Every structure is written in C-alpha cells, then in structure tokens.
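Here is what each chain is made of, one letter per residue.
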Amino acid sequence: HDFPEAVVKLGLKPYVSNQLIQWLYQKGATSFEEMTNLSKSARASLPEHFFISRLEKVSELSSSDGTRKFAWKLPEGNIVESVLIPSEPYEKAVRAGVDVDIPEEEWGTRLTLCISTQVGCAMQCKFCRTAEMGLVRNLTQGEILDQILEARRMIKPGLRISNVVLMGMGEPLANFDNVVGAIRFMIHSKAFGLSKRHVTVSTSGLVPVIAKFAKEELGVKLAISLNATTDEVRSELMPINKKYPIAKLIDACKDYIKAAGRDRITFEYVMIGGVNDLVDDAKRLVNLLSHVPSKVNLIPLNPFTGSKLKAPTEEAIQRFAQYLRNKNLQINIRSSRGQDILAACGQLASKNVT
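Regarding the layout of surface pockets
Of the voids in this model, the largest pocket is the one considered here, and its volume is about 750 Å³. Lining the largest pocket are 28 residues; nearest its centre among them are F3, L24, Y25, F51 and S53. By residue class, the composition of the lining of the largest pocket is 17 nonpolar, six polar and five charged. Within this model, the second largest pocket holds a volume of roughly 200 Å³. Lining the second largest pocket are I148, R152, R160, I161, S162, F192, G193, L194, S195 and H198. Of all the secondary structure elements, the ones that give two or more residues to the lining of the second largest pocket are helix 5 (141–153) and strand 7 (160–166). For the lining of the second largest pocket, the element with the most residues is strand 7, which contributes three residues.

Focus: the pairing of strand 8 (residues 199–203)
Within strand 8, five of the five residues are buried, which leaves the element mostly enclosed by the surrounding structure. In this fold, strand 7 hands off to helix 6 (residues 176–186), which returns the chain to strand 8; that crossover is right-handed.

Focus on the pattern of salt bridges
Taken as a whole and assessed by the stated rule, the structure comprises twelve salt bridges. A salt bridge links R137 to E143, with the nearest nitrogen and oxygen atoms 3.0 Å apart. Residue classification places R137 among the partly exposed residues on the basis of a relative accessible area of 22%. Here the salt bridges do not stand alone but share partners, grouping R54, E150 and R153 into one network.

Some remarks on the sheet that holds strand 9 (residues 221–225)
With respect to topology, ten strands assemble into an open sheet ordered 1-2-3-4-7-8-9-10-11-12, the strand pairing being mixed. Only two strands of the sheet have a single neighbouring strand rather than two, namely strand 1 (56–62) and strand 12 (330–333). Each strand axis lies, on average, 25 degrees off the axis of its neighbour in the sheet, ignoring direction. Looking at chain direction, strand 11 (residues 294–300) and strand 12 are connected through four bridges and run parallel. When the bridges of strand 12 are listed, L298 appears paired with I333.

Side note on the packing of helix 7 (residues 207–215) against helix 9 (residues 246–260)
Relative orientation of the contacting elements helix 7 and helix 9 amounts to 0 degrees, with a least axis distance of 9 Å. Classified by the angle their axes make, helix 7 and helix 9 are roughly parallel. On the side of helix 7, the interface is formed by V207, I210, F213 and A214, while helix 9 contributes K248, L249, A252, Y256, A259 and A260. Here the contact of helix 7 with helix 9 is composed, by residue class, of nine nonpolar, no polar and one charged.

A closer look at helix 6
Across the eleven residues that make up helix 6, a large majority, eight, are buried. For helix 6, every residue scored as buried is listed here: F176, V179, V180, G181, A182, I183, F185 and M186. Those residues of helix 6 that are buried are in contact with helix 1 (3–9), helix 2 (16–26), helix 5, strand 7, strand 8 and helix 7.

Scoring rules and cut-offs
- Residues numbered from 1 in each chain as written.
- Predicted model: local features only at pLDDT ≥ 70, side-chain atom pairs only at ≥ 80, totals over all residues.
- Heavy atoms only, no water.
- 1 Å grid on protein atoms, 1.4 Å probe; cavity = no way out; pocket = protein on both sides within 12 Å on 5 of 7 lines; lining within 4 Å.
- Points joined across faces, edges and corners; volume = space filled by probe spheres on them.
- Nonpolar A, V, L, I, M, F, W, Y, C, P; charged D, E, K, R; others polar.
- Helix = DSSP H or I, 4+ residues; strand = E, 2+ residues; numbered from the N terminus.
- Buried < 20%, exposed > 50% of the residue type's maximum accessible area, 1.4 Å probe, protein only.
- Right-handed = clockwise from strand over helix to strand, strands pointing away.
- Salt bridge = Lys/Arg side-chain N within 4 Å of Asp/Glu carboxyl O.
- Pairing = 2+ DSSP bridges.
- Axes fitted to C-alpha atoms, helices over the stretch in contact; angles between N-to-C directions.
- Parallel < 35°, antiparallel > 145°, perpendicular 65-115°, else oblique.
- Contact = heavy atoms within 4.5 Å.

Right under this line is the structure:
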C-alpha cells in the first residue's frame, strides 16, 4: 500500500508502482534487472533503496494424499510452515458433504495454500501444536506474501493457487496491520488477483479486532474457531474465551456480517473425543447459531505427541453431523489432509534452527 508514495519519492512516475506490483506478484520477479519495461535508470536506482525478499525453503514433506508442507527459514533463523492442499476430486468431495463451489473445468486443478501469520502463537489453544511454541514474533507483510510466491514456484504448470487461508501458525488478527496489508495485495487485480471469496481469515475470537477488521472493507471470508458450546469448556480449550466469552463473540459475528457485507460466517469446530462431541453439544451449537447466517466446518481433532486430547470416534462424528443437518445447518466434515506429515489443522510447529 506504500508503493505509489515510495516510487514517487524516488522521482519515478506513479504508474511505475503498478508495473512493480505486476513484476513482483504476478510474474514473481526476483531482481529489478528482470523488469524490462522499466527504464534503465529506474532499474539502476531501485536496488539502491529496496531489495526483493525471498524465503529459504529448508524442508518439504509430501503426504500420501498429495498435500505438501513447506518449512521456510526467516532471516534470523526462525522457521514458519505453510501447507499446499490439492482439491479433492469433485465426486469424492460431494460424497463427503464438502461445500463445492468450483467450476467444473477447475476440478482437480484448484490448490489451497494455508499460510502462517506469526512465528508461534500466544493464544494457548489446547488442541493446537503451534501453541507449544508461544509467540516468537509477528511476520512482516512481505513474509506473509512470500509464502504464496515461494509456494507458487513449487507447483506444476497448469495448476494455480486459487484459495488462500490464513489458518497456519499464529492468530492473524493479532498481527493486524501486516495481515490487512498482505490481504490487500492478495485481492489486488494487478498483484495476486485472488477472489475475495477465496481468501479466508481464521480467528480464535479477538472480539474488538473483528469489528476493526470489518471496517477495512476487504470483503474476505471470516472463519471463527469456536470449538465449544459452553464458556466452561471453551475457556478450558481456548483461554481467550475468558476475556471474550461466547455470547460476546456471537454478537461480534452478527455485527461483522452487517458491517462487512458478507452473507455468512464460517464456524470451525474441532471435535474432541468426550469433550465437545456429544449430542447435547450439537443441540447447544444449533441454539447458538440460530440467528447467525453461517456454515459449520466439523474438524475431527488431529492428535499430536504430548497432547492428552483424543480424536472423536467416527460414530460420534456422524451422529453430531446428522443432528446439525436435521436442524438445517449447513455443515462440512473436514477431512484431515496431510496428517501423516503433521500438516493437518493444529499440527504446525517448528523450532528455531539457529
């Protein structure tokens, strides 16, 4: 968002900022010398004031289901992870009850990239491996966008990253300015050109920041990590609930729908065996969402070493899901992708490699 001012300060014409955006984000240029429609003097002066950042890939793991997890090294040596998830074949998605809004010609070519917004996380959610790291630091706007650029370099011709979800390491709304700035480039027609409907920000429920986010008028999807239907259980799983309990969170969601012009909000519900997967939980969930236009993603817990929480049984998942369907809630049962490489929801974490 500071491109035009920075360009003009260098004595260059304002239109050069759009040329730079196209070279960096559409064409993935890694040097100013590649930018052949810029004048020689511009190509000479730009490197004196700016550099083009890159993330160093330190590892890549591939899952049996086609999911790929990348670990990127930051300048100071910390590591963040992002996950590239291929779309499932259409028929399989429909059978699984997944909400499919993909044009037929794109079946099998669509890729979703799950990116991180912080090194670690301060939210301390009990079902998430990232929580064990604590918060190390926020990612810069460039580091958030670089995950998309680098992942795009890893894919075959004919494939494209069509969806970006800010659901990796970190709480996106706790890194507000950098996340908002990065999203502006994601949906900028001359940058990544992603559809607003295909960018999703997930939050643990920072109530005042949800209202602030709505005022940015980005029009992207908001996903709320809910995971419980009583304050007692949610506060145990997600300490943020002690500050912003469920009633306040639901009110914030209603306000967001009006303020942001969205038609609904997604609620993510990590199902944990014996904790929040009973029919009574499903009944309370229906009541909570009765006046909120919404859809619910049911996410069976992805266990990780050191956690005492257990995954729900298949029977419990289906019983819970059927109750919600019977009450006309739109639901998806999120199949765990990349679980064998610790790339599934709640499984991202890393150690400093310095």
